[in-house]
Amino acid sequence: MIEVEHLTKDYGSFQAVRDLSFKINKGEIVGFLGPNGAGKTTTMRILTGYMPPTSGTARVAGYDVFLESLKVREHIGYLPETVPLYTDMTVGAYLDFMAKLHHVPNRRERIYDVMERTNIEERVDFLIGKLSKGYRQRVGLAQALLHDPEVLILDEPTIGLDPRQIIDVRELIKSLAQDHTVVLSTHILTEVSQTCQRVLIINQGKLVAEDTPERLTARLKGNERVFLHLANPPQNPEDLTAAVPGALATESRGDGRFEIECALGDDRRPEIAEAVVRKGWGLLELRPISMSLEEIFLQLTTDQSEAYEEDGEMAETAEEEDAVIRNI
């Protein structure tokens, strides 16, 4: 559905995207992550036909984004971080105008369908300029859905929403995967872990990781780690290591709390529970420790980002990238 091969984008001497390649299949919800200035916004602009790449190719729904830009736009719904709305129009008038631009058949029915899906039908006669930021975000999502695109590219879709609205939008995005391919860019990493099936992490314009959060955890954490809380702990953590077959090391966290390290793929929780009961240490809690998506993100981007910032070349935000474009 989306195929990117050796994509590169230069802004003068600044290289925002560097030999980027990835593939997103039909019906997937994929999280597109990276620190500020990593090249996410530039990549999205290329995919939506907003700008051409310097080199490489990108195809959306089978169409080349450079050679067949108009065809690509017919198959893409785009929600940018700052939604370009006409604030002097009502919600209904704006969506009707956008539906005409997209040549949407059965326009009235489709407008009310997307308003119902985004929960804005009660705001149909409101001026957009009078809406809260959260409702403006919903109007932007509605216009992205109007022409029933095969691919949805959503840049920070829940920004400005309250917790209830965020949950509603997450459920809406999940439901869209039945009929659409969704690319979701956000800085809220819990949102990605709760919504997306796969994660692409970009740093310094390069793809540094591509997998499910679970598989990324397995690849990065090195060994299995188990959290253990005991009522009557031994004085020496090494006693725990010696008591559990297959345990590699034990680290004390204080107050009867320990982390036991075992070989990757070697689940030793039954042996740990048996050893604790046998020794009379009083088992209070036993659970595996997994890396959060935040920890994965930091491990893959922090060191590289710091090294890159020392060169003084990385644009910190999408606004700075815009400034680079304007000065070329």
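Computed from a predicted structure; not experimentally measured.

Caption draft 1: Molecular detail of the pattern of salt bridges. Considering all chains together, one arrives at 18 salt bridges under this definition. Salt-bridge contacts for Glu251 lead to Arg225; the nearest nitrogen and oxygen are separated by 3.4 Å. Residue Glu251 is located in strand β12 (residues 247-254), and its partner Arg225 is located in strand β11 (residues 224-230); the two are separated by 26 residues in the primary sequence. Glu259 is the salt-bridge partner of Arg225, the closest N and O atoms lying 2.8 Å from each other. Residue Arg225 is found in strand β11, and its partner Glu259 is found in strand β13 (residues 257-262); the two are separated by 34 residues along the sequence. Members of the salt-bridge network, linked through shared partners, are Arg225, Glu251, Arg253, Glu259 and Glu261.

Caption draft 2: Spotlight on the sheet that holds strand β2 (residues 14-24). One open sheet accounts for four strands, arranged β2-β1-β4-β5; its pairing is antiparallel. Strands at the two margins of the open sheet, each flanked by one partner only, are β2 and β5 (63-64). Here seven bridges tie strand β1 (residues 2-11) to β2, and the two strands are oriented antiparallel to one another. Bridge pairing links Ile2 to Ile24 in β2.

Caption draft 3: Quick peek at the packing of helix α3 (residues 91-101) against helix α4 (residues 107-117). The geometry of α3 relative to α4 is characterised by a closest axis approach of 10 Å and an angle of 125° between their N-to-C directions. Here α3 lies oblique to α4, going by the angle between them. In this structure, the crossing between α3 and α4 has a hand that is right-handed. Here Val91, Leu95, Asp96, Ala99 and Lys100 of α3 come into contact with α4, specifically with Arg107, Ile111 and Met115. When its residues are assigned to classes, the contact of α3 with α4 shows five nonpolar, no polar and three charged.

Caption draft 4: Here's a closer look at the sheet that holds strand β3 (residues 29-33). Spatially, six strands are ordered β6-β7-β8-β3-β9-β10 in an open sheet, and the strand pairing comes out mixed. Strands with a single pairing partner mark the edges of an open sheet, and in this sheet they are β6 (76-79) and β10 (206-211). Put simply, the sheet's adjacent strands are angled 15° from each other on average, direction ignored. Sitting on the sheet, helix α1 (residues 40-47) touches β3, β6, β7 (151-155), β8 (181-185) and β9 (198-203), and the angle it makes with β7 is about 150°. Each of β6 and β7 touches helix α5 (residues 133-145); the most contacted strand, β6, lies at about 170° to it.

Caption draft 5: Structural detail: the packing of aromatic side chains. This structure, assessed with the given rule, holds four aromatic pairs. Plain terms: the ring middles of Tyr86 and Phe97 are 5.9 Å apart, the flat faces sit at 70° to each other, and that makes the pair edge-to-face. Here Tyr86 is found in the loop between β6 and α3, whereas its partner Phe97 is found in helix α3, with eleven residues between them in sequence. Every member of this aromatic cluster is reached through a ring pair, and the members are Tyr86, Tyr94 and Phe97. Arg123 extends its terminal NZ or CZ atom over the ring of Phe126, reaching a point 5.2 Å from the ring centre. Taking the ring centre of Phe227 as reference, the NZ or CZ of Arg287 above it sits at 4.3 Å.

Caption draft 6: Local environment of the nonpolar core. By size, the foremost hydrophobic cluster in this structure holds 48 residues, and its most contacted members are Leu95 and Ile201. If one sorts the elements of this core by residue count, α5 sits on top with six residues. If we skip the residues at most four places from it in the chain, Leu95 touches Ile111, Met115, Ile120, Val139, Ala142, Gln143 and Leu146. Judged by nonpolar contacts, the second largest core, of 29 residues, contains Val4, Phe22, Ala61 and Ile76.

How each quantity is defined
Residues numbered from 1 in each chain as written. Predicted model: local features only at pLDDT ≥ 70, side-chain atom pairs only at ≥ 80, totals over all residues. Heavy atoms only, no water. Salt bridge = Lys/Arg side-chain N within 4 Å of Asp/Glu carboxyl O. Helix = DSSP H or I, 4+ residues; strand = E, 2+ residues; numbered from the N terminus. Pairing = 2+ DSSP bridges. Axes fitted to C-alpha atoms, helices over the stretch in contact; angles between N-to-C directions. Parallel < 35°, antiparallel > 145°, perpendicular 65-115°, else oblique. Left-handed = near helix turned anticlockwise from the far one by under 90°. Contact = heavy atoms within 4.5 Å. Nonpolar A, V, L, I, M, F, W, Y, C, P; charged D, E, K, R; others polar. Phe/Tyr/Trp six-rings, centres within 6.5 Å; stacked < 30°, edge-to-face > 60°. Lys NZ or Arg CZ within 6 Å of the ring centre and 35° of its normal. Core = buried A, V, L, I, M, F, W, Y, C linked by side-chain atoms within 4.5 Å. Buried < 20%, exposed > 50% of the residue type's maximum accessible area, 1.4 Å probe, protein only.

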